[in-house]
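Structural features, examined
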Amino acid sequence: MPEEAKIETEGVFEPKIMAFVCNWCTYAGADLAGTSRMEYRPNVRIIKLPCTGRIDPLFIMKAFENGADGVLVSGCHPGDCHYTTGNYHARRRWTAFKDLLAFTGIDLKRVQFSWVSASEAIKWVELINNVTDDMEALGPFMKFKEMNKKGPNQG
Amino acid sequence: MENELREKAKELLESGEVAVVIGYGFNRKKTRITPVFITKPEETDKLVFNELCVNNLSIYLTRKYRDIQKIGRPAIVAKGCDIKNIVVLITEGQTKREDIHILGVTCSGVVYKQELFKGELKPEIMPSKCHNCDVRNPHVADTVIGEKSDFTPPEEPTGMVFDKIKEIDAMSDSARWDFWNEHFNRCIKCYACRQLCSLCYCERCITEKNMPQWIETSAHPRGNLAWNLIRAMHLAGRCTFCGECERGCPVNIPLNLVNQKLVLTVKNAFGFESGIDENVHPPMIVFSEDDNENFIK
Amino acid sequence: MTDKYISKDGLNGLIASVKASGGRFVAPVLDTRQVVYKEVSSAEEIVDDYILPRNSYKEIAFPQTEILAKYELTRDGVTIDPVEIVARDTVVFGARPCEAASLASLNSVFTWDFIDETFTKRQEKVVVLSLGCVDADDECFCTTVNLSPASTEGSDVALYETENGYIVTPLTDKGTAFVSAHSDSFTDVAKGEEKKELVNPEKVEGVDLTKLGERLAKSPNYDNPEWAELTRKCCGCGACTYSCPTCHCFDIIDEGTAFEGERRKNWDACQFNHFTLHASGHNPRDTQYKRYRNRFMCKFHIYPTKFNSTGCVGCGRCIRVCPVRLDITDLMTAMSS
Ligand code: SF4
Ligand code: SF4
Ligand code: SF4
Ligand code: SF4
Ligand code: SF4
Ligand code: FES
């Protein structure tokens, strides 16, 4: 990311990552990682939702608007959804939304999707570490940050 | 063709089968086409159909127009592409097939904007949808009016919208971002795009919710981006590419590009085309266990 | 002050002179296949064969979004910082005579019971150089509302096109001061320099503003079923209101996060279905024709009677921009009878 890397932030860049996860699998998986005292990168802020079916594309927009450098969306593996089909619907929605984001020029590494079950604490740890690495490599999400700095189109 | 249309409309009104005919008519100066609502049989000679009939009249079938619904059962003059929107409205339970009389008109294309018409319908003033139209003979109708068209759409979609999408797809992320920001920054939040779309029939749009507020209403690039992306997203798998939103946009934002992009996505990923068959469920309310998930880790 | 002259090339000098004095020069330019008012830095950007720009220049004094204050929530409490109004000297070149009449109307609303400084401070700094129209389209109807391409209401300096330039007639003190301040850019009018003939758009037949006003004032007409019939097709977008030079409604809204944000004054439109929605869920203007009726009443009844000013200046923007081609003059005719 040449143009973004150029913009030096003060000191070390600590990416802010927003994770939207479902209550029954991914959150439980993250919890297991915690209770098992596994260590992972501290850059992720988790928001727990009942199901991936509840994750509205607007959440992703809002996360970026509020300064997230990356967004992670995660839930139960297909077939395991607590509400049977929430994640199948979510998968369709993401298919469309990711294309739309890419079409507007948002690097799809900034929005990542994954399935993490309640027992996959190790997968969670690796996922967070990888996503954090990706965001570090990409640098701060200047596109949104610059947009935020702009005032309204005032007379 | 117009005589046929007027006769049929008269017949429908006289027999009491419908209470209102929603159609096209001329303005006072006879320079532009505007929607008309005919309730008296003797007024049916106001109805016209020509290449200036761009409006998709299906908006008047939605629940936003309570006072039109109060008049009674409607007949609606509709081109094939307008019928696609009616089909979606039926699929989504917004109207019932038997509650409307569709006066389908065969069509040989319309202008992109009425202002462009200088006496002749040249290909360059037609929207991309017309160049690739597969419904010049209305596919769902109670009465079909006009001579049968023998137009076959090209295999590969052609037209400005498709060329531009290819061009944007080939750009770098930053170039795409700049392209869209430049366009979206002009958005004045007039919501003409939403009001003209018959599939935007929500009585309370997400952008009007303010506790909490999801989309900033100010003329700020942030809210403009969110509005335009979420509007498009809410039409994923539903949009028929009728082009009304773009036609209505007073600041010329190329909304057809975003719409068609999602139409293509839905077609490629789920093999679905909107507005063809009212009995097929739209892709965002169903799923297949085999949906592609190569982007999910 | 006597008439002056400026050539089309000479505009470059004027633009530079305005810029040098810290002002900005707004003129009609081509942007995304439309003519719009925008700041320019050279005369070459300015288009001269236009009827009316898409946007109204009201947005200079009444921007679509205006920040009124900034707020921040911290451990120690809430801080609210009012934002100072930055009004810039602005020259509007090429305003049409119909539109020039509009700023005075807006002023009458913004100074009626309370002086809205966000408007007045900006308006004070606007110098309007109106340009007489040599061409009109089907939608222009200034003559029907008692204005014309020759009217000078609201204009500070009237410009009239000649073969290669403009004859400059200062009208107000502001206008005279402007021409004097940039006197190097203007010359005396050469002999033989002739104004091009102005157009004279036809009056819309059957419109009688007095009758119209009287009719709107009578309450039974308010519930006339004709309203519904005539405006049924209106789709309730804000395109007409947002393009209209005399529409002035706004909404004040706090936008931002729970911790920091801005209080903003944003344009609003009576055509939106939530404009009059009450918290109880009741909406006194529950169908679109009632909203359109409000807009019409505003132009032809409220403005003239309450503010004693022109409501509709006949620019025709709302007709051009309307996606369903609802023509305000159709209603004017219907309501005149
Ligand atoms: S898309 Fe087809 S039916 Fe619609 S206006 Fe064009 S040619 Fe006619
Ligand atoms: S989004 Fe636009 S193109 Fe799609 S159906 Fe609605 S109005 Fe038509
Ligand atoms: S019609 Fe155009 S300007 Fe109006 S809200 Fe939609 S995108 Fe924005
Ligand atoms: S109501 Fe229409 S014609 Fe009258 S001033 Fe406003 S935009 Fe112009
Ligand atoms: S009159 Fe036309 S532009 Fe105005 S709100 Fe109605 S449809 Fe929109
Ligand atoms: S409950 Fe986990 S995805 Fe539905």
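Let us look at the structure shown here. (Residues numbered from 1 in each chain as written. Chains lettered and ligands numbered in written order. Predicted model: local features only at pLDDT ≥ 70, side-chain atom pairs only at ≥ 80, totals over all residues. Heavy atoms only, no water.)

When its secondary structure is counted, chain B shows 10 helices and 5 strands. For chain B, whose C-alpha radius of gyration is 20 Å, the value lies close to the compact-globule estimate of 19 Å for 297 residues. Structurally, chain B occupies a C-alpha span of about 60 × 45 × 45 Å along its principal axes. Out of the 297 residues in chain B, the part that is buried amounts to 61%. (Helix = DSSP H or I, 4+ residues; strand = E, 2+ residues; numbered from the N terminus. Rg over C-alpha atoms; globule rule 2.2 N^0.38 Å. Buried < 20%, exposed > 50% of the residue type's maximum accessible area, 1.4 Å probe, protein only.)

Turning our eyes to something else, we now look at unusual backbone geometry. Across the junction of Met211(B) and Pro212(B), the peptide omega takes the value 0 degrees, indicating a cis bond. By secondary structure assignment, the location of Pro212(B) is in the loop between helix H7 (192–196) and helix H8 (221–234). Although it is not a glycine, Arg37(A) sits at a positive phi angle of roughly 55 degrees. Mapping Arg37(A) onto the fold places it in the loop between helix H2 (26–35) and strand E2 (44–49). The residue Phe241(B) is not glycine, and still its phi comes out positive at about 65 degrees. When you line up the elements, Phe241(B) lands in the loop between H8 and helix H9 (244–248). A residue is classified by how much of its surface remains accessible, and Phe241(B), at 10% relative accessible area, is buried.

This brings us to the interface of chain C and chain B. Listed as interface residues are 38 residues of chain C and, on the opposing side, 43 residues of chain B. Broken down residue by residue, the surface that chain C buries against chain B is led by Arg232(C), Pro323(C) and Arg325(C), which jointly contribute 19%. Joining chain C to chain B, the criterion identifies 3 salt bridges. For Arg28(B), the salt bridge goes to Asp330(C), with nearest N and O atoms at 2.5 Å. (Contact = heavy atoms within 4.5 Å. Buried area = accessible area lost by both parts, 1.4 Å probe. Salt bridge = Lys/Arg side-chain N within 4 Å of Asp/Glu carboxyl O.)

All right, on to the environment of Gly154(C) then. Residues and elements named next belong to chain C. Checked against the element boundaries, Gly154 lands in the loop between strand E7 (126–131) and strand E8 (157–161). Residue Gly154 is classed as partly exposed on the basis of its relative accessible area, which comes to 35%. Between the C-alpha atom of Gly154 and that of Leu171, which follows or precedes it by 17 residues, the distance is 9.4 Å. When residues no more than four places from it in sequence are discounted, the contact partners of Gly154 are Ala100 and Val128.

Residues in contact with ligand 2 amount to 13 residues; listed here are only the nearest, Cys197(B), Cys239(B), Cys242(B), Gly243(B) and Cys245(B). Counted by class, the shell around ligand 2 contains 7 nonpolar, 4 polar and 2 charged residues. (Near = heavy atom within 4 Å. Nonpolar A, V, L, I, M, F, W, Y, C, P; charged D, E, K, R; others polar.)

Right, let's talk about the environment of Leu108(A) for a bit. Residues and elements named next belong to chain A. Tracing the sequence through the fold places Leu108 in the loop between helix H4 (86–103) and strand E4 (111–115). Considered as a pair, Leu108 and Val71 are 37 residues apart in the sequence and their alpha carbons are 9.9 Å apart. Those residues in contact with Leu108, other than ones at most four positions away along the chain, are Lys98, Leu101 and Ala102.

Structurally, Arg176(B) is set in helix H6 (residues 173–184). The residues contacting Arg176(B), other than those within four sequence positions of it, are Ala102(A), Phe103(A), Thr104(A), Gly105(A), Ile168(B), Asp169(B) and Met171(B).

All names here are of chain B. Given a rise of 1.5 Å per residue, 12 residues ought to cover 16 Å, and the 17 Å separating the end C-alpha atoms of helix H3 (residues 80–91) matches this to within 8%. Burial of H3 is extensive: 11 of the 12 residues sit out of reach of the surface. By the burial criterion, the buried members of H3 are Gly80, Cys81, Asp82, Ile83, Lys84, Asn85, Ile86, Val87, Val88, Leu89 and Ile90. Looking at the buried positions of H3, the neighbouring elements they touch are strand E1 (20–26), strand E3 (74–78), strand E4 (101–105) and helix H4 (128–131). Positive backbone phi, at 70 degrees, marks Gly93, one or two positions downstream of H3. (Expected span 1.5 Å × (residues − 1).)

Take the packing of aromatic side chains next. The geometry of an aromatic ring pair is captured by the separation of the ring centres together with the interplanar angle, meaning the angle of the planes. Inspection of every chain in the model, using the stated rule, returns 34 aromatic pairs over all chains. Ring pairs connect the aromatic residues Tyr191(B), Trp227(B), Phe62(C), Phe110(C), Phe119(C), Tyr242(C), Phe250(C), Trp267(C) and Phe272(C), which therefore count as one cluster. Taking the ring centre of Phe295(B) as reference, the NZ or CZ of Lys98(A) above it sits at 4.9 Å. The ring of Phe110(C) has Lys265(C) sitting right over it, with the charged end atom 5.0 Å from the ring centre. (Phe/Tyr/Trp six-rings, centres within 6.5 Å; stacked < 30°, edge-to-face > 60°. Lys NZ or Arg CZ within 6 Å of the ring centre and 35° of its normal.)

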